[in-house]
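Breakdown of the fold
One-letter residues, chain by chain:
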Amino acid sequence: MTPPAATAKENIKHELPEIEHEFSINNGLRPRVLIYRFPNLFGKWCRPNYNSAVATFCNNIANDLPIQVNDPSVELELLYIDDLVDEMLDALEGKEHRCEFDGLDVVAKDDGRYCHCPVTHKVTLGAIVELLYKFAEQPKSLMIPEIPDGSFAKKLYSTYLSYLPKEKVAYPLKMNVDDRGSFTELVHLANCGQVSINISRPGITKGQHWHNTKWEFFIVVKGHGLIQQRSLNDPEGMVLEWEVSGDRIEAVHMLPGYTHNIINLSDTEDLVTVMYCNEVFNPNKPDTFFEPVDK
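Now for a description of the structure that goes with this document. Quick caveat, the model's predicted, so the values are computed rather than measured.

1. A closer look at the packing of helix α4 (residues 125-141) against helix α5 (residues 152-161)
It is the contact of α4 with α5, at a shortest axis distance of 10 Å, that shows an interaxial angle of 55°. Considered as vectors, α4 and α5 are oriented oblique to each other. Where α4 crosses over α5, the handedness of that crossing is right-handed. Two secondary-structure elements touch here, α4 through I128, L131, L132, F135, A136 and Q138 and α5 through F152, A153, L156, Y157 and Y160. Of the residues that constitute the contact of α4 with α5, the class distribution is ten nonpolar, one polar and no charged.

Here's what the structure looks like:
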């Protein structure tokens with residue numbers, strides 16, 4: 001039977017000196033005792049519908065189950081499991097982070113009596129739920145939210161993905177197919193554009209347009225092709241050419257103010273090109289104008 005919390009604390013208080021004394025006698029050493037007070041933990045494999053709001057929200061939203069938020073303004077201090085493990089590894093090497101406590105607030109102090117994990121995140125319930133619903137919409141919107149290195153959003157996204165059921169791990173993409181081949185948008189990146197896959201059938205030329213401000217990378221990963229560009233500001237109409245192949249992967253800029261195309265030089269094999277564009281396509285402002293490369 002588990003003793004009440006108060007009794008357990010008293011037991012520890014009385015037993016700890018005896019344990020330390022016995023350890024020092026048997027080993028000739030005195031153990032280092034590190035005292036931590038952890039905030040709310042989150043991360044993959046945490047049990048939902050138990051004592052973690054983050055685990056419950058991740059599980060329920062990933063599985064299309066309802067959630068309940070009574071007060072979205074409530075703020076939690078959260079500790080990601082990988083950051084906790086990093087601190088434990090530091091502690092094993094004698095590099096623990098020392099502190100004192102001012103109430104519940106950590107005050108970092110090299111000679112502090114207590115220890116803490118230096119990386120935690122303070123975030124409201126409303127902000128957590130808003131992020132999770134954005135993650136859940138990603139297969140439809142294709143939009144990857146901003147997830148800077150070390151950010152709460154990056155850690156929450158990884159946590160959310162660990163709760164996906166099998167039927168949501170893979171999802172279809174919309175292929176725009178015609179006689180020339182296909183064009184499929186893969187992901188949209190917040191403030192960073194989009195990545196797509198273009199497939200050109202044998203002998204097909206695609207492109208033949210230019211942009212004012214938009215720019216792109218073309219990266220051929222399969223097949224044999226030719227990329228051509230011509231500056232609209234060049235009175236001589238010089239055509240720049242790059243022969244490209246999936247056997248020698250390279251990135252070619254599509255320059256603003258240059259009309260450009262990509263030609264499949266094969267008679268039998270599809271040309272597969274990864275295309276990055278610095279902005280998500282906006283049908284109301286496409287910034288795309290037809291102009292053949294060859295005059």
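Following the structure, the description resumes.
2. Focus: the layout of surface pockets
If you add up the space inside the largest pocket, you get close to 750 Å³. F183, N198, H209, E216 and M275 are, among the 32 residues lining the largest pocket, the residues nearest its centre. For the lining of the largest pocket, the secondary-structure elements that each account for two or more residues are α4, β8 (175-178), β9 (181-189), β10 (193-200), β11 (205-210), β12 (216-222), β16 (258-264) and β17 (271-277). Counted as a void, the second largest pocket has a volume near 400 Å³. What lines the second largest pocket is a set of 18 residues, and nearest its centre among them are R37, P39, E77, L104 and V106.

3. What to know about the sheet that holds β11
On the basis of which strands lie adjacent, the open sheet formed by five strands has the order β14-β13-β16-β11-β18 and antiparallel pairing. The open sheet is flanked by β14 (239-245) and β18 (289-290), the only strands paired with a single partner. With seven bridges connecting them, strand β13 (residues 224-231) and β16 associate as antiparallel partners. In the strand pairing of β16, G225 is matched with N264.

Conventions adopted
- Residues numbered from 1 in each chain as written.
- Predicted model: local features only at pLDDT ≥ 70, side-chain atom pairs only at ≥ 80, totals over all residues.
- Heavy atoms only, no water.
- Axes fitted to C-alpha atoms, helices over the stretch in contact; angles between N-to-C directions.
- Helix = DSSP H or I, 4+ residues; strand = E, 2+ residues; numbered from the N terminus.
- Parallel < 35°, antiparallel > 145°, perpendicular 65-115°, else oblique.
- Left-handed = near helix turned anticlockwise from the far one by under 90°.
- Contact = heavy atoms within 4.5 Å.
- Nonpolar A, V, L, I, M, F, W, Y, C, P; charged D, E, K, R; others polar.
- 1 Å grid on protein atoms, 1.4 Å probe; cavity = no way out; pocket = protein on both sides within 12 Å on 5 of 7 lines; lining within 4 Å.
- Points joined across faces, edges and corners; volume = space filled by probe spheres on them.
- Pairing = 2+ DSSP bridges.

From the geometry alone we can't say anything about function, so treat these as descriptive.
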